[in-house]
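Examining the three-dimensional arrangement
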Amino acid sequence: MSSAIHKCPSCGANLTFDASLDKVSCDYCRSEFSVAEIESLHEKEMQKEEQYDSQTHGYHCQNCGAEVVTDTETSSGFCYYCHSPVVFSDKITGDYVPDYVVPFKISKDQAKQAFTKWVKKFKLVPKGFASPEHLEKITGIYIPYWMSDAHANIDVSGVGDVITTRNSGDKRYTTTKRYRFQRSGGISIEHVKTIASDKVNQALINSVESNTKGKLEPFSTAYLSGFFSQRYTIKREDVRAINEQKTKDYVEDLVRRQIDFQNIQFERNHKDINITKWSYILLPMWILTYNFKGKVYVYALNGENGESFGELPIDYSRLILHDVVGFIGLLTAALIGGKFLW
Ligand SMILES: [Zn+2]
Ligand SMILES: [Zn+2]
C-alpha cells in the first residue's frame, strides 16, 4: 500500500492496518476493508483527480484570497468577489474533486432581473451599484459544502405529564397524570451541510443556502461550463464537530417531538451518533459584489430556487443631497411667503 492511503472511504477518518486480519479498519465508523479494496478505490480517486485537474483551471486572487476554479473554456479577467484583475493558471492540484453538485436552474438574465427588482426598492444606493456595467459582473459560482450522513442510536427514557383541565360551574379542575416513557431505535440523518469556505460572507450564504432542496447530481466538470467554483478552504476534519452537533440537535428535536408529554424529565438520554458518509458538494449561487468605500457588499441569489439576500451600500452623500434639495425648497417657499407678507 502506498503511504497516501490513510483515510476511510466512508467517513474520512484515519484507517488502521490490522496485520493479524490483513485488513484495514476504521476506528471511527468501524468499517473494514481489504487492502485490495482500498488500493482500487485509491486508484479511482487518483484518476478522478487527474481528470479534474486537466479539465479545470483557476486563480488565486492576490487581493482577497479567493480560490476559484472553472472549466478550461471559461475565463474572466476579474475576481468574482473583489473585481481585481486575475490571471488563470493551469495548475490545480490536490483533493478538490467534488462528489455532487446541485446544478443551476436560474439563468444569468433571471438573476439580473431579480437584482434589478430588488435594488429598485431602495433609494440612496450609490449610482454605480445598479448600473448595467456593474450588473454584468454578476457571477454564477458554486459554493463548497461538506455534507454528512449519519446513523444515530437512540435510547431514552424518563417521565412526563399529561395535564388536562375542565370547568364545572364556576370551578376549574386541573388533572395531572404522570407517565413513564421509553423510546429506542436507530435513525438515519442525511444531508447535513456546512459551508467549506471562509472566503465568502458566511452569514449571507447561510441565509440563502438553508433552503436548497435540490437534487444532487454526481459531479462532472461539464457543470462548471460558464460558471465558477469556489474551492474549499475549510478542511473536512474541521467541520466534523459542527456536523455532529447539527445532527445531534436534529435528533434531539426529533425525540422531543416523539414524546408527547409536558414537563419531560429524562432518566436516560443516550444518543450515539456516527457519521457514516462524507460528501464534498457544490451549491449554485449568483453573486454580485460591490466595492464601496473600502468595504465589499454582497448580493447573493440561490441559483436553484431564486431566494436572495443582499447587503446594501448606502451612499450618504446622496442622502445629504436629498436634504439640501429639500432645504432649498423650504427656504424658497418661506421667501415667497415672506414676499406676500411684505
Ligand atoms: Zn470510517
Ligand atoms: Zn479577489
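What you see is a predicted model, and the numbers here were worked out from it, not measured in a lab. (Residues numbered from 1 in each chain as written. Chains lettered and ligands numbered in written order. Predicted model: local features only at pLDDT ≥ 70, side-chain atom pairs only at ≥ 80, totals over all residues.)

Some details on the overall build of the chain
How we decide: Secondary structure counts use DSSP, requiring at least four H or I residues in a row for a helix and at least two E residues in a row for a strand, with both numbered from the N terminus. Remark: C-beta atoms are placed from the backbone, and a residue is labelled buried if 20 or more other C-beta atoms sit within 10 Å of its own, exposed if 12 or fewer do, or partly exposed between those counts.
A tally of regular secondary structure across the chain gives six helices and 13 strands. Within the chain, buried positions represent 25% of all 342 residues.

What to know about the sheet that holds strand S2 (residues 23–26)
Strand-to-strand pairing in sheets goes through backbone hydrogen bonds, with the strands running parallel or antiparallel. As a reminder, the rule being used: The pairing criterion is simple: DSSP has to find at least two bridges between the two strands. Where helices are involved, their axes are fitted lines through C-alpha atoms of the stretch in contact, as for all axes, and angles between N-to-C directions lie from 0 to 180°.
Read across the open sheet, the three strands follow the order S1-S2-S3; overall the sheet is antiparallel. Whereas interior strands pair on both sides, the edge strands pair on one side only; in this sheet they are strand S1 (15–18) and strand S3 (32–34). Here the strands of the sheet are splayed against their neighbours by 30° on average, with no regard to which way each runs. The pairing of S1 with S2 spans four bridges and is antiparallel. Within the sheet, the bridge partner assigned to Leu15 lies in S2 and is Cys26.

Points about unusual backbone geometry
The backbone of His83 sits at a positive phi, close to 65°, despite the residue not being glycine. Taking the C-beta count within 10 Å as the criterion, His83 has 19 such neighbours and is therefore assigned partly exposed. Located in the positive-phi region is His191, a residue other than glycine, with phi close to 60°. On the secondary structure map, His191 appears in strand S8 (residues 171–195). Residue classification places His191 among the partly exposed positions, given that 14 C-beta atoms sit within 10 Å.

Overview of the pairing of strand S11 (residues 262–292)
Here strand S6 (residues 100–101) runs beside S11; their pairing, made up of two bridges, is parallel. Residue pairing for S11: Val101 is matched across the bridge by Leu282. Two elements, strand S7 (residues 139–168) and S11, share 22 bridges in a ladder whose sense is antiparallel. Across the sheet, Ser148 pairs through a bridge with Trp278, a residue of S11. Linkage of S11 to strand S12 (residues 295–302), two consecutive antiparallel strands, is achieved through a turn of two residues, within which Lys293 is found at a positive phi near 50°.

Concerning the pairing of S8
Across 23 bridges, S7 lies against S8 in antiparallel orientation. The residue of S8 that forms the bridge with Asn153 is Gly186. Here S7 folds back onto S8 in antiparallel fashion, the turn holding two residues, of which Gly169 has a positive phi close to 65°.

Focus: the nonpolar core
Across soluble globular proteins, nonpolar side chains have a tendency to be buried as a group. This is how it is decided: Definition of nonpolar core: a set of buried Ala, Val, Leu, Ile, Met, Phe, Trp, Tyr and Cys residues joined via C-beta atoms within 7 Å. Whether two residues are in contact depends on their C-beta atoms, placed from the backbone: they are in contact if these lie within 7 Å.
Among the nonpolar cores identified, the biggest contains 56 residues, and Ile141, Ile143, Tyr145, Leu283 and Met285 are the most heavily contacted of them. Examining the composition of this core, we find that 11 residues originate from one element, S11, more than from any other. Sequence-distant contacts of Ile141, defined by excluding residues within four places in its chain, comprise Tyr80, Phe227, Phe228, Ser229, Gln230, Met285 and Ile287.

A look at the confidence of the model for the chain
For clarity, the cut-off: By definition, pLDDT measures how confident the predictor is in each residue, and it falls between 0 and 100.
When pLDDT is averaged across the chain, the result is 83; 86% of the residues are at 70 or more. Between residues 322–342, whose pLDDT stays under 50, and residues either more than four places distant or in other chains, the model counts zero contacts.

Observations regarding the environment of Cys82
Summarising the element assignment, Cys82 is placed in the loop between strand S5 (67–71) and S6. The exposure class of Cys82 is partly exposed, given the 16 C-beta atoms found within 10 Å. For Cys82 and Leu288, which are 206 residues apart along the polypeptide, the C-alpha to C-alpha distance reads 9.8 Å. Once residues within four sequence positions are removed from consideration, Cys82 is found in contact with Cys61, Asn63, Cys64, Asn291 and Val296.

Notes on the environment of Phe104
One can find Phe104 in the loop between S6 and helix H2 (108–119). C-alpha separation for the pair Phe104 and Gly140, spaced 36 residues apart in sequence, amounts to 8.3 Å.

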